[in-house]
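# A closer look at the structure
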Amino acid sequence: MSNLDNIIQTILQDAEAESEKILNEAENNKNKHISEMEKQAKERKEEIISKANEEAEQLVDKTTNNANLKARDSLLIAKQEVISKIIDIVKEKLKNIDDKSYTDILLKTIKSSNVGDDVEIMVQKNRVDVVKSLGLKNKISDKYVESGFSILEGNSVLNNDFSSLVDYMKDDLESYIAEKLFSE
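An account of the accompanying structure is given in this report. (Residues numbered from 1 in each chain as written. Predicted model: local features only at pLDDT ≥ 70, side-chain atom pairs only at ≥ 80, totals over all residues. Heavy atoms only, no water.)

A separate point is the sheet that holds strand S1 (residues 120-124). Taken in spatial order, the 4 strands line up as S2-S1-S3-S4 in an open sheet, and their pairing is mixed. At either end of the open sheet lies a strand with only one pairing partner, and these are strand S2 (139-145) and strand S4 (156-160). Averaged over neighbouring strand pairs, the angle between their axes works out to 25° when direction is ignored. In this structure, strand S3 (residues 149-153) lies alongside S4, joined through 5 bridges in antiparallel fashion. Bridge assignment links Ser150 to a residue of S4, and that residue is Asn159. Packing of helix H2 (residues 99-113) onto the sheet brings it into contact with S1, S3 and S4, and relative to S3 it is tilted by some 30°. (Pairing = 2+ DSSP bridges. Helix = DSSP H or I, 4+ residues; strand = E, 2+ residues; numbered from the N terminus. Axes fitted to C-alpha atoms, helices over the stretch in contact; angles between N-to-C directions. Contact = heavy atoms within 4.5 Å.)

What follows is the structure in C-alpha cells.
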C-alpha cells in the first residue's frame, strides 16, 4: 500500500501545486483586471474633468461677454440720456435767448428770405412787444409759436421754430455732442 499511498500523496501534491498555480493565475488575472479597470476609470475621470473645465471656461467667457454687453448697453443708454438732456437744454436756452439775439435772428431771416412787407410773422407770446418795437411793416400774428418764429406768406410757412430746427438737426447735433463729450 505504500505505493498506493505514494501515488495518492503525489497526486495530492500535484493537485495542491496545480491548485496553487490556478489560484496564483486567478489572483494575477484579478489584479490585471483591477489595474485595467482603475486605468480606465482614471482616464474617464480625466476626460470628465477636462470636459468640465472646458465647459466652465466657456461659461465664464459667456458670462463675461454678457456682462460686458450689458455694461456697454448701459453706458450707451446713459450717454444717450446725457445727449438728450443737452438737446433739451439747448431748446430751452434758444427759447429764452435775450431779446437782442432774438430780434437779430428774426431780422436776418427776413432779410435773407427776401420776403415782402405783406408777410405775417408769428412770434413767441413773450416777444410780441419787442418785435413790434422794431417798427416792421409786417403784421404780427395773434397766433404764437412755442419758440423762435414763423413767417407766413400766403399758404407757405417759413418755420423757424427753434425746437423744430433743433429736431431737424438732431442727428448732427447728437454726433457733435457725443464727439465733444465722449471722445476717448
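Structure's up, so let's keep going.
Between its first and last C-alpha, helix H1 (residues 2-95) extends 136 Å over 94 residues, near the 140 Å set by a 1.5 Å rise per residue. Along H1, the residues that are buried comprise Lys79, Ile83, Ile87 and Lys91. Residues of H1 that are buried make contact with helix H4 (162-168) and helix H5 (170-182). (Expected span 1.5 Å × (residues − 1). Buried < 20%, exposed > 50% of the residue type's maximum accessible area, 1.4 Å probe, protein only.)

The next thing to look at is the pattern of salt bridges. For the coordinates displayed, the defined rule picks out 8 salt bridges. In this structure, Glu27 engages Lys30 in a salt bridge whose closest nitrogen and oxygen atoms are separated by 3.2 Å. Of this pair, Glu27 and Lys30 are both found in helix H1, 3 residues apart, which corresponds to roughly one turn of the helix. With a shortest N-O distance of 3.2 Å, Lys100 and Asp104 are connected by a salt bridge. In this pair, Lys100 and Asp104 are both assigned in helix H2, 4 residues apart and thus about one turn of the helix distant. (Salt bridge = Lys/Arg side-chain N within 4 Å of Asp/Glu carboxyl O.)

A few words now on the packing of H1 against H5. Packing of H1 against H5 brings their axes to within 10 Å, and their N-to-C directions diverge by 115°. Once H1 is placed against H5, the crossing between them reads as right-handed. Where H1 approaches H5, its residues Lys79, Gln80, Val82, Ile83, Ile86 and Ile87 are matched on the opposing element by Lys170, Glu174, Ile177, Ala178, Leu181 and Phe182. Looking at the contact of H1 with H5 residue by residue, the class counts come to 8 nonpolar, 1 polar and 3 charged. (Left-handed = near helix turned anticlockwise from the far one by under 90°. Nonpolar A, V, L, I, M, F, W, Y, C, P; charged D, E, K, R; others polar.)

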